[in-house]
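Results of the structural survey
Okay, here's what each chain looks like letter by letter:
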Amino acid sequence: MSDAGRDLPDTVIDAALNRPDRVIRRALARNRHIAPERLAPLATDPSGIVRGWLAGGIPAHLRPRRDRPLPDDILVTVLTAQDGGEDGTLTASEIVGELISSQQIPLSFHRSMAEHEDPRLRERATWEWQSLTAAQREALLDDPDPAVRKAAQGHSWVLDPQRVEARLASYGSRGKPFVLGNCALSPALVERCFAEGTVRPLTRNPHIPADAVTRLARHPEADIRELAAARPDLGPDLVAELGEDPDENVAMRARLHPFPRTWAEYWAIDRVIRHGPDCTCPITEPTGEPSPDWFAACATSEEPVLRRVAAHFPGLPAELAATLAQDDDEEVRILLACHHPLAPPQLLLDVFVTRPAHRPHLLTLPAFPRTGRAHLNSHPDADVRALAAADPTLPEPPVKDPDESVRRAAAANPSLTPETLEALLADSRTAEGAAANPSLSLPPPRMHALLDHCLNGPATPPTGGHRETTTS
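Given the structure is predicted, the values throughout are model-derived calculations rather than measurements.

Parameters at a glance
Residues numbered from 1 in each chain as written. Predicted model: local features only at pLDDT ≥ 70, side-chain atom pairs only at ≥ 80, totals over all residues. Heavy atoms only, no water. Helix = DSSP H or I, 4+ residues; strand = E, 2+ residues; numbered from the N terminus. Buried < 20%, exposed > 50% of the residue type's maximum accessible area, 1.4 Å probe, protein only. Contact = heavy atoms within 4.5 Å. Areas by Shrake-Rupley, 256 points an atom, 1.4 Å probe, with all protein chains shown as cover. Lys, Arg positive; Asp, Glu negative; His and termini not counted. Charge placed at Lys NZ, Arg CZ, Asp CG, Glu CD. pLDDT = per-residue confidence, 0-100. Phe/Tyr/Trp six-rings, centres within 6.5 Å; stacked < 30°, edge-to-face > 60°. Polar contact = N/O pair within 3.5 Å; in protein donor to acceptor, adjacent residues only side chain to side chain. Salt bridge = Lys/Arg side-chain N within 4 Å of Asp/Glu carboxyl O. Core = buried A, V, L, I, M, F, W, Y, C linked by side-chain atoms within 4.5 Å. Arc of directions from axis to C-beta.

Right, let's get into the overall build of the chain. Of the regular secondary structure elements, the chain holds 28 helices and 0 strands. In terms of its C-alpha atoms, the chain occupies a principal-axis envelope of roughly 85 × 60 × 40 Å. Put simply, the chain has 472 residues, and 44% of those count as buried. The long-range fraction of contacts in the chain, counting pairs at least 24 apart against all pairs at least 6 apart in sequence, stands at 47%. Summed over its atoms, the accessible surface of the chain is roughly 23,900 Å², and 54% of this surface lies on carbon and sulfur atoms. The averaged location of the 67 negative side-chain charges in the chain is 4 Å from the averaged location of its 50 positive side-chain charges.

As structure tokens, this is what we get:
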């Protein structure tokens, strides 16, 4: 079984979970087609290797764009395990390390850990200090468990300007932008940034003083003013001033975001502006902010950027999604196709044809059309022709297409007759596709002969006791 795996019936999953061979259970742990909740027994597997593969998740090169967080019960089991399994191949800490880097812990779980009854999870919650509410941070600093209090104190430095300034030097040139863009900064440190010309990270930092916000809004560089123009802590007078800025990008950012503003709305807009139509960043779970009503208002805006923001939101009502599917702005349609579960099948197909970067993701969507592709048979892009060649309603799959991937897809088309499949199996150019054809049904002797042919490569195709048919 490959790391990618394949869809399996429940009976096969149950059997695999109980197989004594850890290689089978390990492969199951990374099968991207199996619902994560079905893998709960692997969190307490006797083998640390199996637990580690479950915690590590699907390999990055096979990982779907849409995040697949593990259920809370699995996360709790892994994060509170006393050991790494009976075989001693990995420690519990090593397995937790795999989990932390796997993108399988949703932000909602980090927040819920802050109030969990198990102190080990409350301690873990301190690692996401800035994502916690002020009340949660205060409670953790005063937690009855000394280990939790110590962890909270250790992570609370990010919101303490004096401690931030003291630690900045230890981060080096690569780490400084993160600190300057996310942590609470002292007036002295902010002043140093202006003196050294390193203010760009400050434009997205919610913790800088009000006078620094004003200086950023009136910075001589247009791109700095643009980044500052949508900040929620910008006063109405400055917003009006930036709305008349001679640089169109600055003026656009100022008018996009009317008052009242929130940081969640700022980030939703900024994400769309910073990423182009071919962005393939992971699609994360909605966090509850901004509100659905705000996204709905964006969907009816005259500003294309705000309609793109709305298209990102998978909870957008069906009628608004249908409207955006016909939007004049191509990027709106692309984002809707990639993010919304109700994007029309025809839109998914259109984006597949026009935007190759999104093809792997689109093919994983349940609504992606499996038929109605015949009109793409003559498309100049071989990947598009291969998609068309797999259409089971196609009367004559193009098994003689000059491109190998198209021939392989055509040979796997279930509409082919047994006689045609026999001929394709005998042709090295199409044998692989034909062997994968779900309609292939041959007696055991013939199947064994084909396997022998593939393994040993005889000079002439085997007959297996059956007459070979050919096509003209």
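To continue, consider the confidence of the model for the chain. Confidence along the chain averages 89 in pLDDT terms, with 93% of residues attaining 70 or more. In the model, residues 458-472 has pLDDT below 50 throughout and makes 24 contacts with residues more than four positions away in sequence or in other chains.

Turning our eyes to something else, we now look at the environment of A230. Following the sequence through the fold, A230 ends up in the loop between α14 (222-228) and α15 (236-243). When sequence neighbours within four positions are dropped, the list of residues in contact with A230 reads R253, H257, R261 and Y266.

Let us now look at the packing of aromatic side chains. This model, assessed by the stated rule, comprises 7 aromatic pairs. Where W157 meets Y171, the ring centres are 5.8 Å apart and the plane angle is 40°; that geometry is what we call tilted. Of the two residues, W157 is situated in the loop between α9 (146-155) and α10 (161-167) and Y171 in the loop between α10 and α11 (172-182); the sequence distance between them amounts to 14 residues. By relative accessible area, which is 6% here, W157 ends up buried. Each ring, one from W294 and one from F295, has its centre 5.2 Å from the other, and the planes form 70°; the classification is edge-to-face. F295 shares its class with W294; the two are buried. One aromatic cluster is present, formed by W263, Y266 and W267 through successive ring pairs.

Moving on: the side chain of R25. Its place among the elements puts R25 in helix α2 (residues 22-29). At a separation of 2.8 Å, a polar atom in the side chain of R25 contacts the main-chain carbonyl oxygen of R19. Leave out the neighbours within four places in its chain, and R25 touches A16, L17, R19, P20, L42, D45, P46, S47 and V50.

Turning to its location among the elements, R385 is positioned in helix α24 (residues 382-389). Non-local contacts of R385, meaning those with residues more than four positions away in its chain, are made with L376, N377, S378, H379, P380, D401, D403 and V406.

A few words now on helix α16 (residues 248-256). One full turn of an α-helix is made of 3.6 residues, so residues set three or four places apart face in the same direction. Among the residues of α16, V250, A251, M252, R253, A254 and L256 are the ones counted as buried. Among the structural elements, α14, α15, α17 (263-274) and α19 (304-312) are those in contact with the buried residues of α16. Measuring from the backbone nitrogen of N249 back to the side-chain oxygen at the start of α16 gives 2.9 Å, which picks out D247 as the cap.

With that settled, consider unusual backbone geometry. Residues other than glycine seldom take positive phi values, yet Q103 does so here, at roughly 65°. Secondary-structure assignment places Q103 in the loop between α5 (92-100) and α6 (107-113).

Looking now at the pattern of salt bridges. Evaluation of the coordinates by the stated rule reveals 28 salt bridges. A salt bridge links R359 to D381, with the nearest nitrogen and oxygen atoms 3.0 Å apart. Taken together, the residues span a long stretch of sequence, with R359 in helix α23 (residues 359-362) and D381 in the loop between α23 and α24 at a distance of 22 residues. With a relative accessible area of 24%, D381 lands in the partly exposed category. For the salt bridge of R429 with D427, the shortest nitrogen-to-oxygen distance reads 2.9 Å. Owing to a relative accessible area of 53%, R429 belongs among the exposed residues under this scheme. Under the relative-accessibility criterion, D427 is labelled partly exposed at 23%. Ionic contacts of the salt-bridge type, sharing partners, join the residues R204, R253, D270 and R274 into one network.

With that settled, the discussion passes to the nonpolar core. In a soluble, globular protein the nonpolar side chains are often hidden away together inside. The biggest cluster of nonpolar side chains holds 60 residues, and the ones touching the most others in it are L28, L54, L99, L185, L202 and L216. Those residues in contact with L99 that lie beyond four places of it in its chain are A55, L70, L75, V78, L79, Q104 and I105. The next biggest cluster of nonpolar side chains, apart from the first, holds 40 residues, and it includes I269, V272, A311 and V353.

All of the buried residues along α9 are V148, A151 and A152. The buried residues of α9 occupy an angular sector of 100° when the element is viewed end-on, so they sit on one face. Opposite the buried face of α9, at more than 90 degrees from it, the exposed residues are P146 and K150. The inward-facing, buried residues of α9 contact α7 (119-125) and α8 (134-141). Put simply, D145 is the residue that caps the front of α9, since its side-chain oxygen is 2.9 Å from the backbone nitrogen of A147.

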